[in-house]
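# Structural description and commentary
The primary structure of each chain is shown beneath.
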Amino acid sequence: MRTELKEKAAILYTRVSTKDQKDLGNSLASQKRMLEIYCKTHGLTVANYFEEDHSAKNFNRPEFIELRKYAKANKGKIGYLLVQKWDRFSRNIGEALVMIENFKKLGIEVNCIENWIDYNSPDHIVILSIYLSTPEAENSKISERVIAGTLQCLTEGQYVNEQPLGCMRGVDYLGRTL
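The present account deals with the structure reproduced in this document. (Residues numbered from 1 in each chain as written. Predicted model: local features only at pLDDT ≥ 70, side-chain atom pairs only at ≥ 80, totals over all residues. Heavy atoms only, no water.)

## Brief notes about the sheet that holds strand 3 (residues 78-83)
Stated precisely, the cut-off is as follows: Strands were regarded as paired on the criterion that DSSP finds at least two bridges between them. Secondary structure elements follow DSSP: runs of H or I of four or more residues count as helices, runs of E of two or more count as strands, with numbering from the N terminus. Angles shown run from 0 to 180 degrees and are taken between the N-to-C directions of axes, each axis being a line fitted to C-alpha atoms and, for helices, limited to the stretch in contact.
With respect to topology, 4 strands assemble into an open sheet ordered 2-1-3-4, the strand pairing being parallel. Strands with a single pairing partner mark the edges of an open sheet, and in this sheet they are strand 2 (45-53) and strand 4 (109-112). The mean inter-strand angle of the sheet, taken between neighbouring strand axes irrespective of direction, is 25 degrees. Bridge analysis of strand 1 (residues 9-16) against strand 3 gives 4 bridges, and the strand direction is parallel. Note that in strand 3 the partner of A9 across the bridge is I78.

Laid out in structure tokens, this is it:
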């Protein structure tokens, strides 16, 4: 941690992908608790906290938009934007790198408490690229698996979503309810 920013405040950002995860899970509370412990341990003041229940495929997220407005309005008072894991910040390396630069122009360092980036190191861009590209690759793999599973279900005559109009419920050759 850079000493000149140590006494500045931090914005904490937590995110899950869906409203169900927000309403039924405990991930947001867990992320927030870990971030608060980190700030307390490292002498950082929490300026504000934003929680989100949208996909990280882009930055067109309601709470993130509010976070950016807050950061701009408090330029010079905020030293960090902290997340617990890099995939909570973004699952799109290109947009993430641009967003990190935007925050840098405001004097705010975007960082992750589990995989801290030392922006003073010449290799920081390589390490950051790995941390940011991993969630994007994971998203692509999940998408491929969902498509393959959906096609397999359709091939077997199973309904993927709702029962098609005009079709009657039945049982397939394996005894599964359609």
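Alright, that's what it looks like, and here's the rest.
## Remarks on the packing of aromatic side chains
Spelled out, the test is: Note on ring pairs: Phe, Tyr and Trp rings are taken, using the six-membered ring of Trp, and paired if centres are within 6.5 Å. Classes follow the plane angle, with under 30 degrees stacked, over 60 edge-to-face and the rest tilted. Exposure classes here rest on a 1.4 Å probe applied to the protein chains alone. A residue is buried below 20% of its type maximum, exposed above 50%, and partly exposed in between. For a lysine, the NZ atom is tested; for an arginine, the CZ atom; a charge sits over a ring if that atom is within 6 Å of the ring centre and within 35 degrees of the ring normal.
Enumeration over the complete set of coordinates arrives at 9 aromatic pairs. With 5.6 Å between their ring centres and 25 degrees between their planes, Y38 and W116 make a pair best called stacked. Highlighted residues: Y38 in helix 2 (residues 27-41) and W116 in the loop between strand 4 and helix 6 (124-155), separated in sequence by 78 residues. A relative accessible area of 24% means that W116 is categorised as partly exposed. Between F64 and F89, the aromatic rings sit 6.0 Å apart at their centres with planes inclined by 65 degrees, giving edge-to-face as the arrangement. Separated by 25 residues along the polypeptide, F64 in helix 3 (residues 62-73) and F89 in helix 4 (residues 86-89) bring together distant segments of the chain. A relative accessible area of 0% places F64 in the buried class. A residue is classified by how much of its surface remains accessible, and F89, at 0% relative accessible area, is buried. Pairwise contacts between aromatic rings join Y13, F59, F64, W86, F89 and F103 into one cluster. One Lys or Arg, K32, reaches over the ring of Y49 and ends 4.4 Å from the middle of that ring. The aromatic ring of F64 is capped on one face by R61, whose charged end is 5.2 Å from the ring centroid.

## Comments concerning the pattern of salt bridges
When charged atoms on two side chains of opposite charge get close, those side chains can pair. Note the cut-off: What makes a salt bridge here is a side-chain nitrogen of Lys or Arg within 4 Å of a carboxyl oxygen of Asp or Glu, nothing more.
Summed over all chains, the structure comprises 5 salt bridges. Across the salt bridge formed by R88 and D87, the nearest N and O atoms sit 3.1 Å from each other. A relative accessible area of 15% means that D87 is categorised as buried. Across the pair D87 and R91 runs a salt bridge whose closest N-O atoms are separated by 3.1 Å. Relative accessible area serves as the criterion here: at 11%, R91 is assigned to the buried category. What you see here is one network of salt bridges that share partners, running through D87, R88 and R91.

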